[in-house]
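# Structural overview
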Amino acid sequence: MTEYTVVHGAAQLVRNRDGGLDAVSDAAVAVENGRVAAAGPTDDVVRAYPTENAAAAVDAGGKTVLPGFVDPHTHAVFAGDRADEFTAKLRGKTYQEIAAEGGGILRTVRAVREASRETLVRNLLSHLDEMLAHGTTTAEVKSGYGLSIDAETKLLEAIREADQRHSIDLVPTFMGAHAVPEGWETDDYVDHVIEAQLPAVADRGLAEFCDVFCEAGIFSVDQSRRVLAAGRDHGLTPKIHAEEFERIGGAELAAELGAASADHLLQATPADAQALAGADVVPVLLPGTAFALDADYADPEQFAGAGAEVAIATDFNPNCFSQSMEFAVDLACHGMRMAPESAVRAATVGAAAAIDRPDGPGRLREGAPGDLVIADVPDYEHVPYNFGVSTVETVLKAGEVVYDAR
Ligand SMILES: [Zn+2]
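Residues numbered from 1 in each chain as written. Predicted model: local features only at pLDDT ≥ 70, side-chain atom pairs only at ≥ 80, totals over all residues. Heavy atoms only, no water.

## Side note on the overall build of the chain
For the chain, the count of helices and strands is 15 helices and 16 strands. Here the C-alpha radius of gyration of the chain, 21 Å, is about what a compact globule of 406 residues would show, namely 22 Å. For the chain, with 406 residues in total, the buried portion stands at 59%. Across the chain, every contact between residues at least 6 apart in sequence was considered, and the portion connecting residues at least 24 apart equals 70%. In the chain, which carries 31 positive and 65 negative side-chain charges, the distance between the mean positions of the two groups comes to 3 Å. (Helix = DSSP H or I, 4+ residues; strand = E, 2+ residues; numbered from the N terminus. Rg over C-alpha atoms; globule rule 2.2 N^0.38 Å. Buried < 20%, exposed > 50% of the residue type's maximum accessible area, 1.4 Å probe, protein only. Contact = heavy atoms within 4.5 Å. Lys, Arg positive; Asp, Glu negative; His and termini not counted. Charge placed at Lys NZ, Arg CZ, Asp CG, Glu CD.)

Below is the structure:
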């Protein structure tokens, strides 16, 4: 028998099964070769994987073991500081007014263009440390603060390097169509994304997904369709920022293109929810963004009721500065009124579906990655119940302890 790790004596183990959460009392997990070899009642697991023969045995007595969180929507690689915009917003300025004065996304673009790749990697690694401390073991990261061939590839290369250096698995998304850079007409810039940026990114295998900010005044549905279809021709799976400030048809476009996910969806209608569910597009809801913008929350019930597997994410970016999936789970419950069961599932199984990993992370069952969190609470309900603090105590990635606050 090869070396294995056993986490034993958990008060509760959340495994996740098809269609629901599956919580087992007095449970254990064995991880062998980076994958879950057994997960269930302690007696069953330690009979096959005795703790005394384990390379590492972790006592989770009285605590809860959950799958590592998957964060399926972040803009975590950037440079510069926009805390002053936060204060300006509290004094009454809107996101749009700040952008019109040279703030917002284009301010971060200027900082990214000036930053070295090393700086971007260093910044990202420090954010990943924070994500890990709050239980994230897999995260999607978008480019989109470069908006030129050189700066977009620099961002994606920084993501690749950080992925190699950090224990969190990173999923790279190209988002050249995040904003229109200064000095460009939108249509000309869309051509540039399609004809120059996309081939440069795809030729070097730097991204898995292609995303676009489909929004009134940013990229229209037609422009978004052109970008995502071109991305798909280059082998990149579509994702879309849709129906955040205004409903313009981004959710319908996601369904039409068979996107992996449609994200934000604050203004989505019941018909949009039906279209997404029917096309197997995962609705990714971002409660932190609504919280940061003081906007209304999306309605998870609308999507769950239509039969969709709902995901939640942090949307970590300079305008929504939280790296914590724990906080996203807290807000999903306190803000969007999700049941703890649904919020935990949305942060694990749902989130994995949003990055096309339906049988990978987010579950603790045989064959799944040995990515798990030990939370210092008696059951998963206490994770969002106890908000504003971290309940995450230990994180294992592929069966190895990679974070330990004990
Ligand atoms: Zn976003």
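Moving on, there is more to tell.
## Here we look at the packing of aromatic side chains
Inspection of every chain in the model, using the stated rule, returns nine aromatic pairs. Measuring from ring centre to ring centre gives 5.1 Å for Tyr4 and Tyr49, while their planes differ by 80°; the resulting arrangement is edge-to-face. Taken together, the residues span a long stretch of sequence, with Tyr4 in strand β1 (residues 4–14) and Tyr49 in the loop between α1 (42–48) and β4 (56–59) at a distance of 45 residues. A single burial state applies to Tyr4 and to Tyr49, both of which are buried. Positioned over the ring face of Phe209 is Lys239, at 5.1 Å from the centre of the ring. (Phe/Tyr/Trp six-rings, centres within 6.5 Å; stacked < 30°, edge-to-face > 60°. Lys NZ or Arg CZ within 6 Å of the ring centre and 35° of its normal.)

## Observations regarding the nonpolar core
Residues Leu170, Phe174, Ile240, Leu265, Phe303 and Ile312 are the most contacted members of the largest nonpolar core, which totals 92 residues. Considering each element in turn, this core owes the most residues, seven residues, to helix α5 (residues 117–133). With residues near it in sequence (within four places) discarded, Leu265 still touches Ala242, Glu243, Ala251, Leu276, Pro283, Val284, Leu285, Ala298 and Phe303. Of all hydrophobic cores here, the second largest spans 16 residues; its members include Ala10, Val36, Val65 and Leu396. (Core = buried A, V, L, I, M, F, W, Y, C linked by side-chain atoms within 4.5 Å.)

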